[in-house]
Amino acid sequence: MNEREIKRMVESLRNEIEKRKKRINSLLAEIRIHKREAERIRTNRDKAVKEFKELIEKRREINAEIRNISERISRLRNERNSLLNRKKSMLEKIRSLKVERDCLNRKARGSYDHLMNILRNKVDEICNIEMPLEKEIKMFDRILDIRERIITAVKADKKHDEISNIYQEIKEINEKISKINKEMQFNSEEIKILRNNISEFNRKIDDKKREADEFHRKLLEKYDIINPIKGEIDEIKGEIDEIRERLDPLNEKLREIKRKRDDEKNRMMAMKIREKLKKSKRISIYDLRLLIEKEMLK
C-alpha cells in the first residue's frame, strides 16, 4: 500500500471517528435534555415524598391526641361510675333510714312540736289543777308516755335530717355527674372531629403517595431512556477505540514514509553541501550540522 492509499485510508478512518464523535455529542445533548427533565421530576418527587411524610407525622399527632382524649374519657367514665356507685349506696341508705324514720314516726304518733305542746299542757295541768290522786297518776303516766314519744320523735327527726343531708350529697353528686357527662360529650365530639380529620388526612396521604409514586415512575422511565443512550455512547466509544487501533499503524507508516523521505531529502542536501564545501570551503553552521548528522563531513 503506497503513501496515497495510506492517506486515503487514514482520512477515511478519521472521518469515521469524527462522524462517531458528532453522534456522541448529539447523544450527550439528548441526555442533557432528559437529565434536566429527570431533575425536575426528581425535585417534584422529593417534594411529594416530603409532604407525604409531613402528612403521616400530622396524622400520628392526631392519633396521639385521640388516644389522650380517649384516656381522659376513660378516667371520666371511671369517676362517673364511682359517683354512680356512691349514689346507689346512698339511695339504699336513704331507703333504710326512711324505714327507720317511718317506724319511729309511727311510734311517736306526732311531730316533736306537737308533742311538746301536749307535754307542756299536761305539765301545766298537773301542776296547776287540783285533781284526784288516781287521775294525777294517770296524768303522770300520760306525761311519761308523751316524753317517750318525744324522744322517739327526736330520733325520727334526726333520721329525717340524716336523709336530707344524704339527699343534699346526692344532689351534689348529680351535679358532678352532669358536669362529667357534659365533659365526656364535649370530648366525644372532639374525638369525632379528629377522626373526621384523620379520614381527610388518609385521603390526602393516599393522594400524595400516588403523586409521589407517579413522579417516581416517570423518573424511572427517564432512566430507561437515558441508560440505553449511555450504552450506545459506550458502544460508539468502543468503535472509536477500534478505529484508532486500526489508525495507529497507518499513522506510524505515514510517519515512517515521511522520515524516509526527509532522510533522503537531507541526504541529497548533504551531498550538495559537501560538494559546495569541496569547492568553496565555506558553508553555514546549519549546513555543517547537517553534514555531521549524516556523517558526511569526511
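The coordinates are above.
What counts, and where the lines are drawn
Residues numbered from 1 in each chain as written. Predicted model: local features only at pLDDT ≥ 70, side-chain atom pairs only at ≥ 80, totals over all residues. Heavy atoms only, no water. Helix = DSSP H or I, 4+ residues; strand = E, 2+ residues; numbered from the N terminus. Buried < 20%, exposed > 50% of the residue type's maximum accessible area, 1.4 Å probe, protein only. Contact = heavy atoms within 4.5 Å. Areas by Shrake-Rupley, 256 points an atom, 1.4 Å probe, with all protein chains shown as cover. Salt bridge = Lys/Arg side-chain N within 4 Å of Asp/Glu carboxyl O. Expected span 1.5 Å × (residues − 1). Polar contact = N/O pair within 3.5 Å; in protein donor to acceptor, adjacent residues only side chain to side chain. Arc of directions from axis to C-beta. Patch = residues over 30% accessible without salt bridge, like charges linked within 9 Å, V, L, I, M, F, W, Y side chains within 5 Å. Lys, Arg positive; Asp, Glu negative; His and termini not counted. Charge placed at Lys NZ, Arg CZ, Asp CG, Glu CD. Core = buried A, V, L, I, M, F, W, Y, C linked by side-chain atoms within 4.5 Å.

K.L.:
Just to check I follow, could you spell out the overall build of the protein chain for this structure?
P.N.:
Across its full length, the protein chain holds 4 helices and 0 strands. Traced from its N-terminal end to its C-terminal end, the protein chain shows the element sequence α-α-α-α. Within the span of the protein chain, comprising 298 residues, buried residues form 24% of the whole. Long-range pairs, those at least 24 residues apart, make up 85% of the contacts in the protein chain between residues at least 6 apart in sequence. By element, 50% of the accessible surface of the protein chain is carried by carbon and sulfur atoms, the whole surface being about 21600 Å².

K.L.:
What exactly am I supposed to notice about the pattern of salt bridges here?
P.N.:
Evaluation of the coordinates by the stated rule reveals 26 salt bridges. Arg-147 is the partner of Glu-148 in a salt bridge, and the nearest nitrogen-oxygen pair spans 3.4 Å. On the basis of relative accessible area, Glu-148 is assigned to the partly exposed category, the value being 43%. By sharing partners, the salt bridges in this structure join Glu-16, Lys-19, Arg-20 and Glu-239 into a single network.

K.L.:
Which parts of the structure should I look at to understand helix H1 (residues 3-108)?
P.N.:
Along its 106 residues, H1 runs 151 Å from first to last C-alpha, staying within 8% of the 158 Å computed at 1.5 Å per residue. You can read the cap of H1 off the contacts: a side-chain oxygen lies 3.2 Å from the backbone nitrogen of Arg-4, and it is on Asn-2. Count one or two residues on from H1 and you reach Arg-109, which has phi positive near 50 degrees.

K.L.:
What am I meant to see in helix H2 (residues 112-128) here?
P.N.:
Because each turn of an α-helix spans 3.6 residues, side chains separated by three or four positions end up pointing in the same direction. Given a rise of 1.5 Å per residue, 17 residues ought to cover 24 Å, and the 24 Å separating the end C-alpha atoms of H2 matches this to within 8%. Turning to H2, its buried residues number three or more, namely Leu-115, Met-116, Leu-119 and Ile-126. Buried residues in H2, looked at end-on, bunch into an arc of 100 degrees, giving them a common side. Seen from the buried face of H2, the exposed residues on the opposite side, beyond 90 degrees, are Asp-113 and Asn-128.

K.L.:
Help me understand the environment of Asp-213, please; the structure alone is not making it clear to me.
P.N.:
Its location among the elements puts Asp-213 in helix H3 (residues 133-280). Relative accessible area serves as the criterion here: at 40%, Asp-213 is assigned to the partly exposed category.

K.L.:
What is the right way to read a negative patch on the surface from this model?
P.N.:
A cluster of acidic residues, Asp-241, Glu-242, Glu-245 and Asp-248, forms a negative patch at the surface. The residue Asp-241 is located in helix H3 in this model. Asp-241 sits in the partly exposed class, given a relative accessible area of 43%.

K.L.:
Before we go on, may I ask you to explain the side chain of Thr-152 in this structure?
P.N.:
Tracing the backbone shows Thr-152 in helix H3. We classify Thr-152 as buried; its relative accessible area is 15%. Excluding anything up to four places from it in sequence, Thr-152 contacts Leu-104, Lys-107 and Ala-108.

K.L.:
I keep staring at the nonpolar core and nothing clicks. Help me out?
P.N.:
The biggest cluster of nonpolar side chains holds 22 residues, and the ones touching the most others in it are Ile-62, Ile-66 and Ile-166. Listing elements by their share of this core, those giving two or more residues are H1 and H3. For this core, the element with the highest residue contribution is H3, accounting for 12 residues. Contact partners of Ile-66, with chain neighbours within four places excluded, come to Ile-191, Leu-194, Arg-195 and Ile-198. Of all hydrophobic cores here, the second largest spans 16 residues; its members include Ile-226, Ile-236, Ile-240 and Leu-250.

K.L.:
Hey, could you run me through the side chain of Lys-208 in this one?
P.N.:
On the secondary structure map, Lys-208 appears in helix H3. Here the side chain of Lys-208 touches Glu-211 through a polar contact of 3.0 Å, side chain to side chain. Ignoring any residue separated from it by four or fewer positions in sequence, one finds Lys-208 in contact with Ala-48, Glu-51, Phe-52 and Leu-55.

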